[in-house]
4 protein chains.
Amino acid sequence: MAETVGFVGLGAMGLPMVKNLLAAGFGVRVYNRTRARAEALIDNGATVCDSAAEAATDVRVVCTMLSDDAAVESVTVGDDGILNALAPGAIHLSLSTIGPETARRLMTLHDLHDSVYLAAPVYGRPEVAQAGKLNILLSGGDAATRESVHPVLLAMGQKVWDFGDEVGAANVVKVCGNFMIGVAIEAMAEAFALAEKNGVSRLAIYEMLTQTIFASPAYVAYGKLIAEQQYLPPGFTVPLGQKDITLAQELGKRSNVPLPIAGIVQDKLIAARAKGRDEMDWACIGLEAAEAAGLRQVSHVPFDDKTSKRT
Amino acid sequence: MAETVGFVGLGAMGLPMVKNLLAAGFGVRVYNRTRARAEALIDNGATVCDSAAEAATDVRVVCTMLSDDAAVESVTVGDDGILNALAPGAIHLSLSTIGPETARRLMTLHDLHDSVYLAAPVYGRPEVAQAGKLNILLSGGDAATRESVHPVLLAMGQKVWDFGDEVGAANVVKVCGNFMIGVAIEAMAEAFALAEKNGVSRLAIYEMLTQTIFASPAYVAYGKLIAEQQYLPPGFTVPLGQKDITLAQELGKRSNVPLPIAGIVQDKLIAARAKGRDEMDWACIGLEAAEAAGLRQVSHVPFDDKTSKRT
Amino acid sequence: MAETVGFVGLGAMGLPMVKNLLAAGFGVRVYNRTRARAEALIDNGATVCDSAAEAATDVRVVCTMLSDDAAVESVTVGDDGILNALAPGAIHLSLSTIGPETARRLMTLHDLHDSVYLAAPVYGRPEVAQAGKLNILLSGGDAATRESVHPVLLAMGQKVWDFGDEVGAANVVKVCGNFMIGVAIEAMAEAFALAEKNGVSRLAIYEMLTQTIFASPAYVAYGKLIAEQQYLPPGFTVPLGQKDITLAQELGKRSNVPLPIAGIVQDKLIAARAKGRDEMDWACIGLEAAEAAGLRQVSHVPFDDKTSKRT
Amino acid sequence: MAETVGFVGLGAMGLPMVKNLLAAGFGVRVYNRTRARAEALIDNGATVCDSAAEAATDVRVVCTMLSDDAAVESVTVGDDGILNALAPGAIHLSLSTIGPETARRLMTLHDLHDSVYLAAPVYGRPEVAQAGKLNILLSGGDAATRESVHPVLLAMGQKVWDFGDEVGAANVVKVCGNFMIGVAIEAMAEAFALAEKNGVSRLAIYEMLTQTIFASPAYVAYGKLIAEQQYLPPGFTVPLGQKDITLAQELGKRSNVPLPIAGIVQDKLIAARAKGRDEMDWACIGLEAAEAAGLRQVSHVPFDDKTSKRT
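Criteria and thresholds
- Residues numbered from 1 in each chain as written.
- Chains lettered and ligands numbered in written order.
- Predicted model: local features only at pLDDT ≥ 70, side-chain atom pairs only at ≥ 80, totals over all residues.
- Heavy atoms only, no water.
- Helix = DSSP H or I, 4+ residues; strand = E, 2+ residues; numbered from the N terminus.
- Rg over C-alpha atoms; globule rule 2.2 N^0.38 Å.
- Buried < 20%, exposed > 50% of the residue type's maximum accessible area, 1.4 Å probe, protein only.
- Pairing = 2+ DSSP bridges.
- Contact = heavy atoms within 4.5 Å.
- Axes fitted to C-alpha atoms, helices over the stretch in contact; angles between N-to-C directions.
- 1 Å grid on protein atoms, 1.4 Å probe; cavity = no way out; pocket = protein on both sides within 12 Å on 5 of 7 lines; lining within 4 Å.
- Points joined across faces, edges and corners; volume = space filled by probe spheres on them.
- Nonpolar A, V, L, I, M, F, W, Y, C, P; charged D, E, K, R; others polar.
- Salt bridge = Lys/Arg side-chain N within 4 Å of Asp/Glu carboxyl O.
- Phe/Tyr/Trp six-rings, centres within 6.5 Å; stacked < 30°, edge-to-face > 60°.
- Buried area = accessible area lost by both parts, 1.4 Å probe.
- Polar contact = N/O pair within 3.5 Å; in protein donor to acceptor, adjacent residues only side chain to side chain.
- Least-squares fit on C-alpha atoms with pLDDT ≥ 70 in both.
- Left-handed = near helix turned anticlockwise from the far one by under 90°.
- Parallel < 35°, antiparallel > 145°, perpendicular 65-115°, else oblique.
- Disulfide = S-S within 2.5 Å.
- Right-handed = clockwise from strand over helix to strand, strands pointing away.

## A few points about the overall build of chain A
Along its length, chain A carries 15 helices and 11 strands. Its C-alpha radius of gyration of 21 Å places chain A within 12% of the 19 Å reference for a compact globule of 311 residues. The C-alpha extent of chain A, read off along each of the three principal axes, is 65 × 50 × 40 Å. By the burial criterion, 64% of the 311 residues in chain A qualify as buried.

What follows is the structure, encoded as structure tokens:
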């Protein structure tokens with residue numbers, strides 16, 4: 001049996017990732033806020049813990065896979081946090097998509113505790129995680145430390161991409177890439193509306209483009225949703241997409257890089273939320289483009305002239 | 001009695017302008033494609049003509065007030081056109097908002113006929129025309145020729161703004177100014193939606209801003225429509241607004257000047273047209289902002305997955 | 001002599017405002033982080049204090065005029081803060097431009113201390129403050145409390161605009177209005193570049209438009225800077241402008257209102273910062289438009305092909 | 001030997017396409033405005049003609065491969081044009097990227113002459129044309145007629161994508177696809193500038209993304225140029241890119257489909273032209289993003305305050 005690692009966060013991504021770790025022979029100490037999701041892994045051989053600290057006890061590596069910066073910070077610090085429990089030299093392998101500033105802040109905290117923080121955000125939707133085909137970006141620590149976590153990472157993914165010692169680098173790349181996915185979605189949303197309104201079926205243009213110049217996973221997966229105008233159930237919801245675009249915009253503002261198309265994608269996501277579409281896949285900005293083009297009927301609810309309020 | 005002038009084009013602007021010329025003592029030879037609008041001026045003392053050429057006969061100055069570049073070119077050339085009828089040295093006073101390139105082309109044609117083309121686009125909606133309070137921009141010819149048309153112009157407007165010998169200059173300014181109006185509309189559309197959604201009434205913010213930092217005619221007039229969400233009847237329709245923004249964009253493309261906010265305003269006007277709002281005032285892009293903010297209910301008409309067509 | 005009030009924050013705006021209070025016969029207890037600026041007011045009759053708390057002692061009303069949300073919160077709480085010193089029923093009159101969320105948070109704190117928080121952001125650049133001609137927006141508390149601060153406000157401004165009991169309302173309006181100023185700047189930046197490149201002088205179009213359809217303080221003041229391409233010394237710097245556009249964008253994101261032109265203005269301000277223009281007036285986005293149009297020469301510093309770094 | 005076809009237009013694309021036709025055993029009657037380029041093909045077996053009409057004589061199929069709508073229309077009509085020479089039932093196979101409206105107009109002209117117009121725009125840069133790996137979109141005529149040109153098309157490309165009888169359909173898809181390429185370029189321009197400014201090398205992020213989620217020809221080819229900031233020699237120049245984005249915008253305006261990111265890409269191309277970059281590949285909008293982020297030094301040429309002209 002391989003070594004035992006800790007794992008905190010059993011959402012749509014974390015759950016299949018832990019299953020792959022177990023299948024590869026790792027022991028896994030799991031913690032999840034909703035305990036039921038952890039218990040479902042007992043039959044696979046996981047050890048269920050009552051806190052992040054417990055999951056980080058007596059392991060060389062503890063992984064976290066959580067939804068945003070605040071969640072990672074919250075399981076790291078405090079009495080029940082990872083930092084408190086990690087042995088000297090042990091590694092916090094942070095798989096979440098968070099901002100590079102947060103990564104740097106967390107690294108400093110780990111330095112003070114003689115533990116190591118490595119950034120390892122992953123590419124792939126839940127079905128890719130399940131297939132163990134994630135692409136994993138890695139930065140922080142030193143080359144030897146990063147090398148030492150490859151076996152853990154390769155149990156969950158197909159390839160590790162090394163971005164060097166600067167801990168924020170992997171998150172910078174992840175934020176840039178997710179921003180580019182958002183732009184690809186908006187591009188297809190606009191182009192498919194243009195095609196449809198000019199007599200070309202959405203599926204016909206989708207199939208041609210994604211088998212030729214845009215034959216890549218991001219276009220194939222998201223283009224299908226937009227071609228079929230099918231946004232439920234979501235693979236990645238509107239609020240999660242908005243979180244990622246916001247990370248890019250904040251990084252742009254902090255480092256003085258204008259991102260005009262990020263602004264457009266953000267506005268579409270805001271409009272989607274304004275219309276109550278939080279539960280849809282973020283590809284539903286395809287609906288915004290369709291509505292703006294008059295492809296969906298917009299009802300004319302009369303305003304009350306005096307108050308400018310909806311009647 | 002003052003001199004007799006020609007006048008071609010009796011739309012929402014041309015009609016009150018001719019009435020003011022007649023009231024100021026000018027004789028006016030009028031021509032309009034729909035003859036009934038011309039005949040309505042007989043009692044005011046106008047002479048009704050059967051063609052643009054006839055209106056341009058035996059006058060020192062013939063005015064044209066038409067909806068777009070093509071219309072001005074069409075009444076200028078051909079057997080029944082102005083050029084054919086103008087005496088040597090006579091002046092075509094072109095009051096329409098058209099592109100500077102068209103103005104230069106028309107000037108060249110007049111040069112060849114020994115007549116003069118002056119650009120004199122006007123600022124003011126129909127009610128301003130009626131009050132004789134238009135602001136009139138003037139360029140082309142030479143200083144003496146421009147001076148010679150001041151009495152005609154001041155019968156219709158409150159002030160003449162001289163932009164020199166280059167015939168395109170007045171149209172450049174007009175196009176820039178109308179583009180800026182479109183931006184002011186979009187700014188209020190966004191800001192008033194933001195205010196409303198945060199509990200401030202549209203009228204309250206409108207009144208404060210247009211009595212202080214934005215106390216100017218463009219904001220007062222268009223802001224009222226957006227505050228009251230009242231876009232019918234139109235003072236200036238969506239297609240006319242789109243024509244003006246398109247003129248700015250074409251000028252920008254020809255002279256290599258990026259105009260990012262013109263692009264946004266154009267997109268809002270396109271969306272308004274897609275939703276069947278051609279008959280509304282172009283301030284109705286206030287509706288686009290309200291809909292994008294979820295302030296109006298957007299109906300969810302289901303798409304047929306196979307065809308991507310509306311069911 | 002009228003009553004004595006407290007005043008915290010003696011920047012470019014606060015200083016002339018206190019002078020006007022003193023001139024109107026108010027006693028003023030002043031506090032400023034840099035004490036020298038406070039001492040300069042001794043001859044005018046001000047009492048210099050060593051802390052915000054001291055300025056808030058034994059007064060019915062203490063004013064704050066600071067640069068951002070964090071600064072207002074910091075002088076409010078803590079041992080040396082206003083809250084600690086305010087008598088029951090006394091009023092914190094907050095003149096700064098901050099977000100409505102911050103205002104609501106501060107109001108809650110004051111409620112707990114039996115003191116009152118009123119939002120009173122002001123319109124006007126420093127020269128307007130000096131002339132006592134500010135427009136002041138007011139919200140929070142109840143009608144009688146707001147009425148009770150009118151004498152204080154009218155010593156500094158020409159008019160008080162009442163936006164009711166909801167404490168965030170005045171800040172919502174202020175944020176919307178400042179966003180609209182940013183848009184007006186961008187509109188002129190684009191339009192004046194378009195005019196210049198088509199042979200019309202910036203000053204000529206500026207004068208015509210700001211005496212007619214855009215004859216309002218925002219266009220007159222900022223348009224002059226853009227027409228003359230003169231951005232030093234600043235009346236309101238790039239980082240301050242960016243703070244205000246960011247407030248609008250955050251309000252938009254929180255309340256689900258897309259603001260496409262706010263995104264464009266933000267990007268221009270980011271570019272200005274990237275080019276080292278923090279010390280300029282935020283109207284310097286006129287330079288961005290000029291550069292994008294090739295009106296200023298952009299040097300071609302060669303990149304090193306292998307590293308993509310500047311050589 | 002296979003049949004003999006006509007071919008008009010021997011630019012960077014046409015030349016290798018004709019070579020492939022000849023290599024596949026077709027006879028080819030070639031015409032090019034600059035005759036020298038045609039004569040260079042004599043050794044390969046081509047027959048050089050003196051006009052488009054001559055190239056269209058005695059053939060079942062004549063191909064055209066030209067730079068824009070006007071060029072295609074000009075070789076089609078007139079005494080020396082294709083229409084005049086085509087036998088009844090013969091086919092004009094139009095390989096250029098033009099607007100669907102132009103295609104429909106040309107189809108009507110061919111109908112009147114009892115000849116057939118087929119739209120067959122191609123995907124692939126010159127090196128792809130050389131390798132005979134183009135993807136070819138096909139629409140117009142009827143299924144049998146389209147089937148009959150497959151041998152000709154497959155001598156030049158790897159696959160024919162059929163879009164049915166509506167002649168404009170292939171061009172609609174081509175215009176949409178090229179617009180999406182422009183967006184992909186802008187997305188990488190922004191993202192790579194963001195990465196570079198945050199310490200990640202352009203090549204590192206390029207390699208990771210184009211081997212994973214964006215592993216498609218459009219990203220691989222254009223991303224390399226942007227990662228290396230190498231825009232000379234061009235594969236597709238700025239004015240050609242601008243032509244394609246303009247086709248998309250005009251199609252959007254005609255069919256009422258807002259295309260916000262097309263507007264942003266257009267503005268970047270306009271800025272590139274304003275800075276004298278017509279000879280660069282249109283991927284050079286990577287320079288615009290770098291400059292806006294301050295990654296290249298922008299010189300501060302002083303303006304003359306009085307005239308707003310460059311000194």
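## Some words on the sheet that holds strand S4 (residues 61-64) of chain C
Strand pairing in a sheet relies on backbone hydrogen bonds, with the paired strands running either antiparallel or parallel. Residues and elements named next belong to chain C. If you walk across this open sheet you meet the 6 strands as S3-S2-S1-S4-S5-S6, and the pairing is parallel. Edge strands, defined here as strands with exactly one partner in the open sheet, are strand S3 (47-48) and strand S6 (116-119). The pairing of strand S1 (residues 4-8) with S4 spans 3 bridges and is classified as parallel. Note on S4: the bridge partner recorded for Gly6 is Val62. Sheet strands touched by helix H6 (residues 100-112): strand S5 (91-94) and S6. Its angle to S6, the strand with the most contacts, is close to 160°.

## Digging into empty space enclosed by the protein
Inspection of the entire model under this criterion finds 2 cavities of 30 Å³ or more. For the largest cavity, the calculated volume is near 640 Å³. Around the largest cavity, the lining is made up of 33 residues, and of these A:Pro260, B:Pro260, C:Lys268, D:Asp267 and D:Lys268 lie nearest the centre. Breaking the lining of the largest cavity down by element, the ones donating at least two residues are helix H14 (260-274) of chain A, helix H14 (260-274) of chain B, helix H14 (260-274) and helix H15 (285-292) of chain C together with helix H14 (260-274) and helix H15 (285-292) of chain D. Of the residues contributing to the lining of the largest cavity, the split by class is 17 nonpolar, 4 polar and 12 charged. The calculated volume of the second largest cavity comes to roughly 500 Å³. Lining the second largest cavity are 27 residues, with A:Lys268, A:Ala292, B:Lys268, B:Ala292 and D:Pro260 sitting closest to its centre. Mapped by element, the contributors of at least two residues to the lining of the second largest cavity are helix H10 (169-197), H14 and helix H15 (285-292) of chain A together with H14 and helix H15 (285-292) of chain B. Taken together, the residues of the lining of the second largest cavity sort by class into 14 nonpolar, no polar and 13 charged.

## Some words on the pattern of salt bridges
What the rule picks out here adds up to 77 salt bridges over all chains. Two residues, C:Glu288 and C:Arg277, come together in a salt bridge whose shortest N-O distance is 2.7 Å. Of this pair, C:Glu288 sits in helix H15 while C:Arg277 sits in the loop between H14 and H15, and the two are 11 residues apart along the sequence. For the pair shown, C:Glu288 and C:Arg277 are each scored as buried. Residue C:Glu291 is joined to C:Arg277 by a salt bridge in which the shortest nitrogen-to-oxygen separation is 2.5 Å. A residue pair is termed long-range when its members are at least 10 positions apart, and C:Glu291 in helix H15 and C:Arg277 in the loop between H14 and H15 qualify at 14 residues. Here C:Glu291 matches C:Arg277 in class, with each residue buried. Three or more residues are tied together by salt bridges with common partners; here these are A:Glu101, A:Arg104, A:Glu166 and A:Arg254.

## Topic: the packing of aromatic side chains
This structure, assessed with the given rule, holds 18 aromatic pairs over all chains. Ring geometry for B:Tyr222 against B:Trp282: centres 6.1 Å apart, planes inclined by 85°, an arrangement best described as edge-to-face. With B:Tyr222 in helix H12 (residues 217-228) and B:Trp282 in the loop between H14 and H15, this pair connects stretches of sequence that are 60 residues apart. We classify B:Tyr222 as buried; its relative accessible area is 6%. Ring centres of D:Phe214 and D:Tyr219 lie 4.6 Å apart, and the angle between their planes is 25°; this geometry places the pair in the stacked category.

## Concerning the interface of chain D and chain A
Counting from both sides, the interface comprises 57 residues of chain D and, opposite them, 57 residues of chain A. Contact between chain D and chain A buries roughly 4,700 Å² in total, counting both sides, with carbon and sulfur atoms accounting for 80%. Our count for the contact surface shared by chain D and chain A stands at 13 residue pairs in polar contact (both at pLDDT 80 or more). Taken together, the elements giving at least two residues each to the side of chain D that touches chain A come down to strand S8 (134-138), strand S9 (157-162), helix H10 (169-197), helix H11 (202-210), helix H12 (217-228), helix H13 (238-255) and H14 of chain D.

## Some thoughts on the relation of the copies chain B and chain D
When chain B is fitted onto chain D, the two copies agree to an RMSD of 0.0 Å after a turn of 180° and an axial shift of 0.0 Å. Taken together, the rotation and translation describe the operation of a two-fold axis. The rotation axis passes nearest to the C-alpha of B:Gly263 in chain B, at a distance of 2.8 Å. Comparing interface residues between copies, 100% of those in chain B also sit at the interface in chain D, which points to an isologous, same-surface contact.

## Topic: the sheet that holds strand S3 (residues 47-48) of chain A
Residue and element names in this part refer to chain A. Strand order across the open sheet formed by 6 strands is S3-S2-S1-S4-S5-S6, with parallel pairing between neighbours. Each having just a single partner strand, S3 and strand S6 (116-119) make up the two edges of the open sheet. Of the strand pairs in this sheet, strand S2 (residues 27-31) and S3 are connected by 2 bridges, and their pairing is parallel. Residue pairing for S3: Val30 is matched across the bridge by Val48. Where helix H4 (residues 69-76) meets the sheet, its contacts fall on strand S1 (4-8), strand S4 (61-64) and strand S5 (91-94), and the angle it forms with S5 comes to roughly 160°.

## Structural notes on the interface of chain B and chain D
Opposite the 16 residues of chain B that make contact, chain D presents 16 residues. Inspection of the region where chain B meets chain D yields 0 salt bridges. Put simply, chain B and chain D have 3 residue pairs in polar contact (both at pLDDT 80 or more) between them. Every element with two or more residues in the side of chain B that touches chain D is listed here: helix H13 (238-255) and H14 of chain B. Looking at which element gives the most residues to the side of chain B that touches chain D, the answer is H14(B), with 7 residues. Of the residues contributing to the side of chain B that touches chain D, the split by class is 7 nonpolar, 6 polar and 3 charged.

## Regarding the relation of the copies chain D and chain A
Expressed as a screw transformation, the operator carrying chain D onto chain A has a rotation angle of 180° and an axial translation of 0.0 Å, and the superposed copies differ by an RMSD of 0.1 Å. A shared binding surface is used by both copies, with 100% of the interface residues of chain D retained as interface residues in chain A.

## Comments concerning the packing of H10(D) against H15(D)
Residue and element names in this part refer to chain D. Across the interface, H10 lies against H15 with an axial gap of 8 Å and an inter-helix angle of 35°. The element H10 and its partner H15 pack so that their crossing is right-handed. Contacts from Gly182, Ile185, Glu186, Ala189, Glu190 and Ala193 of H10 reach H15 at Ile285, Gly286 and Ala289. A breakdown of the residues in the contact of H10 with H15 according to their chemical character gives 5 nonpolar, 2 polar and 2 charged.

## Topic: the packing of helix H10 (residues 169-197) of chain C against H14(C)
Angle between the axes and distance between the axes are the two parameters that describe a pair of packed helices. All names here are of chain C. Where H10 meets H14, the axes come as close as 10 Å, and the angle between the chain directions of the two elements is 70°. It follows from the interaxial angle that H10 and H14 lie roughly perpendicular. For the crossing formed where H10 meets H14, the hand is left-handed. When H10 is examined against H14, the residues Phe179, Gly182, Val183 and Glu186 are found in contact with a partner set consisting of Ile261, Ala262, Ile264, Val265 and Lys268. Its residues assigned to classes, the contact of H10 with H14 shows 6 nonpolar, 1 polar and 2 charged.

## Let's talk about the state of the cysteines
Residue and element names in this part refer to chain C. Counted under the stated rule, the structure contains 0 disulfides over all chains. A disulfide-free cysteine, Cys49 has its sulfur positioned 13 Å from the sulfur of Cys63, the nearest such atom. Given the relative accessible area of 3%, Cys49 is considered buried.

## Focus: the pairing of S1(A)
Residues and elements named next belong to chain A. When you tally the buried positions in S1, you get 4 out of 5 residues, the bulk of the element. Alignment of S1 against S2, held across 5 bridges, turns out to be parallel. Bridged to Phe7 within S2 is Val30. Handedness of the S1-helix H1 (residues 14-23)-S2 crossover: right-handed.

Worth remembering: the numbers are spatial, not functional.
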